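Take a look at the letters that make up each chain.
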Amino acid sequence: MLVQVDLQSEFKKGNKMQAMINIILSYLIGSISGSMVLGKIRGIDIRTMGSGNAGGTNAFRTVGSLFALGVILIDISKGIISVLFISNLSFYSPIDASILNYINVLCGAAAVLGHVYPLYYNFKGGKGAGTLIGVLGVLLPISIPFALLSWILVLIFTGYVGLGTMIAGLVVVLVTFQQGLINTPFGYFSILMALFVIFTHRSNIYRMLKGQENQFKKIMLFKK
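Residues numbered from 1 in each chain as written. Predicted model: local features only at pLDDT ≥ 70, side-chain atom pairs only at ≥ 80, totals over all residues. Heavy atoms only, no water.

**Structural notes on the packing of aromatic side chains**
Here is step 1 of the chain: Within this structure, the stated rule accounts for four aromatic pairs.
Here is step 2 of the chain: Between the aromatic rings of F186 and F189, the centroid separation amounts to 5.9 Å while the plane-to-plane angle is 40°, which identifies the pairing as tilted. Separated by three residues within a single helix, F186 and F189 lie in helix α9 (residues 185-200), roughly one turn from each other. F189 shares its class with F186; the two are buried.
Here is step 3 of the chain: Their ring planes at 25° and their centres at 6.3 Å tell us that F196 and F199 sit as a pair that is stacked. Note that F196 and F199 are positioned in helix α9 at a spacing of three residues, about one turn of the helix.
Here is step 4 of the chain: Directly above the aromatic system of F199 lies the positively charged group of R202, at a separation of 4.0 Å from the ring centroid. (Phe/Tyr/Trp six-rings, centres within 6.5 Å; stacked < 30°, edge-to-face > 60°. Helix = DSSP H or I, 4+ residues; strand = E, 2+ residues; numbered from the N terminus. Buried < 20%, exposed > 50% of the residue type's maximum accessible area, 1.4 Å probe, protein only. Lys NZ or Arg CZ within 6 Å of the ring centre and 35° of its normal.)

Below, the structure is given as structure tokens:
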């Protein structure tokens, strides 16, 4: 009986250790910045350009559309890899069903955190949207077209990319609720990520209130 209890205890410890390993690996993958990798190839540091942010929007404004596309693809891939592959690793210990219920969202959140606070670049990264798209594409793909539509509409009517991203994050929460998933690990994840995206865009909010935020005027329907 004592041996059985010890085995169960070791199994639970192994499960927790494997989950922790997967979460850390997801963070490390998330810390690989698309703009920094491509910038290294180009011989530039995007954090010294434009807004100083290492995300796709600043990449587009300062370097160009092709560079920005490469950045976005890399950042989206980080979220996909973390949720689809890293969350399922079990080389240290098998992962039981109870952990499987939430390990994917934890790995997704870790990847987003890595993108925003990358270990390799002095914890100065992007704002999380690109990697979050990759996570959502795996966990709730139906949310992507609704989030994208809301982002485009906000951009057309206001020209504010950051505002569109924040609204898109809130739309994902609404889709999660509509799908009956709000009281699940993914539901809690969607709420926390929406709040986190708003937090990472706090400087954009400040500039909008001051009337100093850059607008993407080329796409705006009503220009001042």
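**Some thoughts on the nonpolar core**
Across soluble globular proteins, you tend to see nonpolar side chains buried next to one another.
Here is step 1 of the chain: Core analysis: the biggest nonpolar cluster contains 22 residues, and V112, L132, L136, F186, F189 and M193 have the highest contact counts within it.
Here is step 2 of the chain: Beyond its immediate stretch of four places on either side in the chain, F186 contacts V105, L136, L139, L140, T176 and L181.
Here is step 3 of the chain: In terms of nonpolar packing, the next biggest core, distinct from the first, is built from eight residues, M36, A54, A59 and A68 among them. (Core = buried A, V, L, I, M, F, W, Y, C linked by side-chain atoms within 4.5 Å. Contact = heavy atoms within 4.5 Å.)

**A short note on empty space enclosed by the protein**
Here is step 1 of the chain: Taken as a whole and judged by the stated rule, the model has one cavity of 30 Å³ or more.
Here is step 2 of the chain: For the largest cavity, the full set of lining residues is L132, L136, G169, V172, F189, S190, M193 and A194.
Here is step 3 of the chain: Secondary structure elements with two or more residues in the lining of the largest cavity: α6 (129-139), α8 (161-178) and α9.
Here is step 4 of the chain: Taken together, the residues of the lining of the largest cavity break down into six nonpolar, two polar and no charged. (1 Å grid on protein atoms, 1.4 Å probe; cavity = no way out; pocket = protein on both sides within 12 Å on 5 of 7 lines; lining within 4 Å. Points joined across faces, edges and corners; volume = space filled by probe spheres on them. Nonpolar A, V, L, I, M, F, W, Y, C, P; charged D, E, K, R; others polar.)

**Quick notes on the side chain of K127**
Here is step 1 of the chain: By secondary structure assignment, the location of K127 is in the loop between α5 (97-116) and α6.
Here is step 2 of the chain: A polar atom in the side chain of K127 sits 2.4 Å from the side chain of N204.
Here is step 3 of the chain: Those residues in contact with K127 that lie beyond four places of it in its chain are N53, H115, V116, T200, H201, S203, N204 and R207. (Polar contact = N/O pair within 3.5 Å; in protein donor to acceptor, adjacent residues only side chain to side chain.)

**Brief notes about the pattern of salt bridges**
Here is step 1 of the chain: Scanning the entire structure with this criterion turns up three salt bridges.
Here is step 2 of the chain: Residue D45 is joined to R47 by a salt bridge in which the shortest nitrogen-to-oxygen separation is 3.1 Å.
Here is step 3 of the chain: A relative accessible area of 26% means that D45 is categorised as partly exposed.
Here is step 4 of the chain: Its salt-bridge partner being R207, residue E213 comes within 2.7 Å of it at the nearest N-O pair.
Here is step 5 of the chain: Residue classification places E213 among the buried positions, given a relative accessible area of 9%. (Salt bridge = Lys/Arg side-chain N within 4 Å of Asp/Glu carboxyl O.)

**Some words on the packing of helix α2 (residues 34-42) against helix α4 (residues 65-84)**
Here is step 1 of the chain: As a packed pair, α2 and α4 sit with axes 8 Å apart at the nearest point and diverge in direction by 135°. Relative to α4, α2 is oriented oblique. You can see that α2 and α4 cross each other, and the crossing is right-handed. On α4, the residues that touch G34, S35, L38, G39 and R42 of α2 are F67, G70, V71, I74 and D75. (Axes fitted to C-alpha atoms, helices over the stretch in contact; angles between N-to-C directions. Parallel < 35°, antiparallel > 145°, perpendicular 65-115°, else oblique. Left-handed = near helix turned anticlockwise from the far one by under 90°.)

Function cannot be inferred from these measures alone, as they are strictly geometric.
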